[in-house]
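Tertiary structure, described
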Amino acid sequence: MKMSMNKYMHPRNPYKHPPNFKQLAIQYAEFRTFVKQDISGKVTLDFKDVNALRSLSRVLLLKDFDLNVEIPPNKLIPTIPLRLNYLLWIEDLLNIQKIRSEEVWGIDIGTGASCVYPLIAAKKFKWNMLGTEIDEESIKCARKNVSQNLLDKYIEVYQITQDTLLIEVLNNTSKTFKFCMCNPPFFSSKQELHPFFKSRRSNRPHPKNAFCASVGEVVVNGGEVEFITKLIKESKELKYKIDIFTTMIGHKSSLNQLKALLREVEVCSFKQTEFCQGRTTRWGLAWTYLDIDLRKIPEIQKNSKTKPKAPLSYIIPNSNNESYRTENINIIIRKILQDLKVEIIEEKINKGNIVYDIKAYSNTWSNQRRKKREKLNQLQHSIPSQINGGNEKSDDCSQIVEHIDSRNSSLKSNEDVEVSDLSSSDKNSDLQDTSEKLSEMDIASNTPKREHEDDDDDEEYYDNKKFKGESSVNNNNYIAQFFISLKKVNVQIIMEIFSIDSNTNRETLHQILQYFKNNIK
Ligand SMILES: C[S@@+](CC[C@H](N)C(=O)[O-])C[C@H]1O[C@@H](n2cnc3c(N)ncnc32)[C@H](O)[C@@H]1O
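Residues numbered from 1 in each chain as written. Predicted model: local features only at pLDDT ≥ 70, side-chain atom pairs only at ≥ 80, totals over all residues. Heavy atoms only, no water.

The environment of the ligand is made up of 17 residues, and the closest members are L76, R83, G110, E133 and N183. T111 places a main-chain nitrogen or oxygen 3.4 Å from a nitrogen atom of the ligand. Measuring from an oxygen atom of the ligand, one finds a side-chain N or O atom of E133 at 2.4 Å. Protein chains shield 94% of the accessible area of the ligand, which is 600 Å² for the free molecule. For the shell around the ligand, the secondary structure elements donating two or more residues are α5 (116-125) and β4 (128-133). Of the residues belonging to the shell around the ligand, the class tally is eight nonpolar, six polar and three charged. (Near = heavy atom within 4 Å. Polar contact = N/O pair within 3.5 Å; in protein donor to acceptor, adjacent residues only side chain to side chain. Areas by Shrake-Rupley, 256 points an atom, 1.4 Å probe, with all protein chains shown as cover. Helix = DSSP H or I, 4+ residues; strand = E, 2+ residues; numbered from the N terminus. Nonpolar A, V, L, I, M, F, W, Y, C, P; charged D, E, K, R; others polar.)

Now the structure itself:
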């Protein structure tokens, strides 16, 4: 079997090109014992064999990072490509702040026996790391791994004795940290680890990899939601002691709950991402209380290999033959663009076709109904005093109240849809295979790509929020860049909206198009 990699890995992840097992077997005797060669010469590894998986992780660390790492039996076997996805994302977080690596101190919460994140972080990125751990056996092994790789100058391992994730360690150090990271225990009970746990989707393939962790490492009371909730709550207390807090998340269903908590504790900005390897997907969540706009972190999956998507198109309805002309529709489009407060970078007219190159700096298109309702509510409250001043306002007032009522009823049904959508997506993600998540070594390819459905909700959090040095129009802080074209095809005028910018997601384009549909009259 081949180790599966895929194109959704971090663009700088060296394991986008799968390791060559034959070469590894030639180079490392300890790995050779686990591979088989068929008559065609093809070399394969048995992913159900824990010892084979352990050996693979060890030799990848040796070959690619010059790290000699002991991974004790019955302890989590770290999958190196997935670990790199997370570390490279942290590097992206640091890059947006232009921090030099020698200035970096990071914390790895629950570093495990292998101490894998600090070891790679120190060796590859030259960061200083503080690994924390509660398990005594793991601490011993982690310390041994640090010293046998001569990395004591870069890495400290701290034994957590109290029921905290960060507070204890920060109370005992004068250091300041650029980030913290965490691969938390994902599960709330031992039963969840069973491959036939009831949440397993019936058509999901059987796990192809061996189980390679101890229960204590991956199970915690309340599962990852409780663990990360604690981390978020502690972060609220610690605030500026760590520039950027991050965690990995194992179940997609945990994301919304945790993001809701981030909003509640009023972080300055936050960002989610996906870490993919084969069929295994994890999520990353980062947040900060500092004046840093984490939305600027480049999307991991949207690399240059992503094919541009077809434009979204809309046939402008012809309600009045007389004025159904591109020039007239263009006037309406321009007016709508003005209302949206976007920047028109360029407007080109070519053979009667019009193309706009546009940048948007805030989300002015979504939740129009809510925004209108709020405006109308404000109006409604100011109206009685106006009525006192003159009878002519009373008619307007009754119209406004009617308007609010009808808006309210349509809004309610819309919100219901959103709620049920959310719960169904949660259901889907709950149906993930637990054992596979643990093994993390995957052999299938082509993880179906999902769009970042949740990002647009996140945008709302930033309504009217300004970051340091940011004016209302700042070329680097746009949230969407797209083109709108208007063309006549036979008797129809067609509006198209498309983007070639990797940070502009498809859902945003859908929302903008919907805004046009609602406003082209
Ligand atoms: C899923 S393992 C991750 C190990 C390693 N970081 C990796 O990615 O391979 C979670 C680790 O967190 C540790 N842990 C649990 N609660 C902790 C706490 N309060 N503070 C520090 N470590 C903790 C567990 O002992 C376990 O080693």
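Next comes the rest of the write-up.
All right, on to the UniProt feature "binding site: S-adenosyl-L-methionine" (unreviewed entry) in the chain then. Sequence positions flagged by UniProt for "binding site: S-adenosyl-L-methionine" (unreviewed entry) are, in local numbering, R83, G110, E133 and N183. Structurally, R83 can be placed in helix α4 (residues 80-95). Owing to a relative accessible area of 2%, R83 belongs among the buried residues under this scheme. Examined against the element boundaries, E133 turns out to sit in strand β4. Judged by relative accessible area, which is 10%, E133 ranks as buried. Not counting residues up to four positions away in its chain, the partners in contact with E133 are G110, T111, G112, S138, I139, Y158, Q159 and I160. Separated by 3.1 Å, the side chain of E133 and the backbone nitrogen of D135 make a polar contact. (UniProt positions renumbered as here; feature names shortened; annotations may be inferred. Buried < 20%, exposed > 50% of the residue type's maximum accessible area, 1.4 Å probe, protein only. Contact = heavy atoms within 4.5 Å.)

The next point concerns the packing of aromatic side chains. The full count for this structure, using the stated rule, is eleven aromatic pairs. With 5.5 Å between their ring centres and 80° between their planes, Y86 and Y117 make a pair best called edge-to-face. Linking Y86 in helix α4 with Y117 in helix α5, this pair joins segments that are 31 residues apart in sequence. Assigned by exposure class, Y86 and Y117 land together as buried. In this structure, K175 packs its charged tip against the face of W105, placed 4.7 Å from the ring centre. (Phe/Tyr/Trp six-rings, centres within 6.5 Å; stacked < 30°, edge-to-face > 60°. Lys NZ or Arg CZ within 6 Å of the ring centre and 35° of its normal.)

With that settled, consider the pairing of strand β13 (residues 480-489). In terms of burial, β13 is largely enclosed, as seven of its ten residues are buried. Where strand β12 (residues 353-360) lies against β13, seven bridges are found, and the strand directions are antiparallel. Bridge assignment links V355 to a residue of β13, and that residue is S485. Alignment of β13 against strand β14 (residues 492-498), held across seven bridges, turns out to be antiparallel. Counterpart to S485 in the pairing with β14 is E496. Once β13 ends, the chain turns through two residues before running back antiparallel as β14, passing N490 with a positive phi of about 55°. (Pairing = 2+ DSSP bridges.)

The subject of this paragraph is the environment of L285. With respect to the helices and strands, the residue L285 is situated in strand β9 (residues 280-288). A C-alpha to C-alpha distance of 5.5 Å links L285 and T247, two positions 38 residues apart in sequence.

Let's shift gears to the sheet that holds strand β3 (residues 105-109). The sheet built from seven strands is open, its strands ordered β5-β4-β3-β6-β7-β9-β8 with mixed pairing. The open sheet has two edge strands with one neighbour each: β5 (155-159) and β8 (269-277). Each neighbouring strand pair of the sheet contributes to a mean axis angle of 20°, computed without reference to strand direction. The pairing of β8 with β9 spans nine bridges and is antiparallel. By the bridge assignment for β9, Q277 is matched with T280. Lying over the sheet, helix α9 (residues 223-238) contacts β3, β6 (177-182), β7 (242-249) and β9, oriented at roughly 175° with respect to β7. Together, β7, β8 and β9 form the strand contacts of helix α10 (residues 252-264), whose direction differs from that of β9 by roughly 5°. (Axes fitted to C-alpha atoms, helices over the stretch in contact; angles between N-to-C directions.)

Attention shifts here to helix α6 (residues 136-148). For α6, spanning 13 residues, the distance from its first C-alpha to its last is 18 Å, which sits close to the expected 18 Å at 1.5 Å a residue. For α6, every residue scored as buried is listed here: S138, I139, C141, A142, N145 and V146. Structurally, α6 contributes buried residues whose contacts are with α5, β4 and β5. Just downstream of α6, L150 is the residue with a positive phi angle, here 55°. (Expected span 1.5 Å × (residues − 1).)

With that settled, the discussion passes to the nonpolar core. F31, I120, W127 and I155 are the most contacted members of the largest nonpolar core, which has 68 residues in total. Considering each element in turn, this core owes the most residues, ten residues, to α4. Sequence-distant contacts of I120, that is, excluding residues within four places in its chain, are made with L61, F65, L67, I80, L84, L87 and F125. Formed by 37 residues, the second largest nonpolar core is a distinct cluster that contains I107, I167, L170 and L238. (Core = buried A, V, L, I, M, F, W, Y, C linked by side-chain atoms within 4.5 Å.)

Strand order in the open sheet formed by five strands is β10-β14-β13-β12-β11, with antiparallel pairing between adjacent strands. Both edges of this open sheet fall to β10 (312-315) and β11 (343-350), since each of them pairs with a single strand only. Between one strand and the next, the sheet's axes are offset by a mean angle of 15°, whatever the strand orientation. Set on the sheet, helix α11 (residues 326-340) makes contact with β11, β12, β13 and β14; between it and β12 the angle comes to about 5°.

Further remarks concern the confidence of the model for the chain. The predicted model of the chain averages 79 in pLDDT, with 75% of residues at 70 or higher. Segment residues 383-453: pLDDT under 50, and 120 contacts once partners within four positions in sequence are set aside and those in other chains are kept. The ipTM value of the predicted complex is 1.00, and its pTM value is 0.67. (pLDDT = per-residue confidence, 0-100.)

The subject of this paragraph is α10. Each α-helix turn comprises 3.6 residues. Residues three or four places apart therefore point the same way. Residues K252, S253, S254, L255, L258, K259, L261 and L262 constitute the buried set of α10. With its phi angle positive at about 60°, E266 sits one or two positions after the end of α10.

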